[in-house]
Amino acid sequence: MNENKKDFNKKLHDSKDMPKIVELEDKAAERWGGKTMVIAPPIEYDSLIRTVPEGSLVTTTELRMKLAGKYHADITCPLTAGIFINICAWASYQRSDDITPFWRVVKPNGELNPKFPEYPELQKKKLEAEGFVITEKKGKYFVSDYKEHIADML
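Counting restarts for each chain, with residues numbered from 1 along the sequence as it is written. Totals for whole chains, interfaces and linings use all residues, but because this is a predicted model, local features are given only for residues with pLDDT of at least 70 and pairs of side-chain atoms are given and counted only at 80 or more. Processing note: side-chain calculations cover all non-hydrogen atoms of the structure and skip hydrogens and water entirely.

Undergrad: Is there a simple way to think about the packing of aromatic side chains in this case?
TA: Here a pair means two rings of Phe, Tyr or Trp (six-membered ring of Trp) with centres within 6.5 Å. Their orientation is stacked below 30 degrees between planes, edge-to-face above 60, and tilted elsewhere. Applying the stated criterion across every chain, the model contains 6 aromatic pairs. Arranged with centres 5.4 Å apart and planes meeting at 90°, the rings of phenylalanine 102 and phenylalanine 116 form a pair that is edge-to-face. Separated by 14 residues along the polypeptide, phenylalanine 102 in the loop between helix H5 (78–94) and strand E5 (105–106) and phenylalanine 116 in the loop between E5 and helix H6 (121–129) bring together distant segments of the chain. By the burial criterion, phenylalanine 102 is buried, and phenylalanine 116 matches it. Pairwise contacts between aromatic rings join Phe8, Trp90 and Tyr93 into one cluster. Two limits define a charge over a ring: the Lys NZ or Arg CZ must be within 6 Å of the ring centre, and within 35 degrees of the ring normal. Above the plane of the ring of tryptophan 103 lies lysine 126, whose end atom (NZ or CZ) is 4.6 Å from the centre. The way it works is that DSSP assigns letters per residue, a run of H or I at least four long becomes a helix, a run of E at least two long becomes a strand, and they are numbered from the N terminus. Classification of residues uses two cut-offs on accessible area relative to the type maximum, computed with a 1.4 Å probe and protein chains only: under 20% is buried, over 50% is exposed, and between them is partly exposed.

Now the structure itself:
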C-alpha cells in the first residue's frame, strides 16, 4: 500500500461540500434502512473518536448512529464512513502529536480494522496497553468482551 506517501492530514481537513444530506429512492432506502442519509466530513469522525476515553471502545456503527442523529438523518453513508475512519487513523499515525485514539475504533463485531496502520500489531499493542484482551481467529483479530467496553456515544 502507498498509505505512507499520502497526506492524510490534508484529506482529514478537506470537507468538500460536506455534510451533505441525500434523499434515498425507495430501493436504496429499503436496502440501507432509511430515507435520508448523511455524508459527514472526515473531521467529524475524528472529533467523535477523540471523545472515546481510555479503556473504552466504539464501533463504526456507534459513530455512524451519532452522526446520523446530529444531522437528523436516518443513516450515515456506510461507504464514506469506512473511508473517513481510515483517514482519521492514518492522519493520526502521520502526526507526532495531537494523536486521535483511532485504535479504540473496532468493527461492529469487535474486530480490529485491517486497514489501520501497521495492522494488526499497532492496534493490538495499543489496546492491550489499555487492558483489552485480543484474540485471533482464522487470521482476524478481535477484542474479547468488546460489548462491555463500548463508550456511551448517544
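Moving on, there is more to tell.
Undergrad: How do you make sense of the pattern of salt bridges when you look at a structure like this?
TA: Side chains bearing opposite charge may pair, as long as their charged atoms lie close to each other. What counts as a salt bridge is simple: a side-chain nitrogen of Lys or Arg found within 4 Å of a carboxyl oxygen of Asp or Glu. The final tally for this structure, using the stated rule, is 8 salt bridges. With a shortest N-O distance of 2.8 Å, aspartate 46 and arginine 50 are connected by a salt bridge. Aspartate 46 sits in the buried class, given a relative accessible area of 2%. It is possible to trace a salt-bridge network through shared partners that takes in Asp46, Arg50 and Asp98.

Undergrad: Mind showing me how you'd approach the packing of helix H3 (residues 42–49) against helix H4 (residues 60–70) here?
TA: For any two helices packed against each other, the geometry comes down to the angle between their axes and how far apart the axes lie. Between N-to-C directions, angles cover 0 to 180 degrees, with each direction set by a line fitted to C-alpha atoms, over the stretch in contact for helices. Running from amino to carboxyl end, H3 crosses H4 at an angle of 115°, the nearest separation of the two axes being 11 Å. The interaxial crossing formed by H3 with H4 has right-handed handedness. Listed contacts from H4 to Glu44, Tyr45, Leu48 and Ile49 of H3 are Leu63, Lys66, Leu67 and Lys70. Each crossing gets its handedness from the near helix: less than a right angle anticlockwise from the far helix is left-handed, clockwise is right-handed. Here a residue-residue contact requires only that any non-hydrogen atoms of the pair lie within 4.5 Å.

Undergrad: Any chance you could explain the side chain of threonine 100 here in plain terms?
TA: Relative to the elements of secondary structure, threonine 100 occurs in the loop between H5 and E5. In this view, threonine 100 contacts Asp46, Ile49, Arg50, Ser92 and Arg95; residues no more than four positions away in its chain are not counted.

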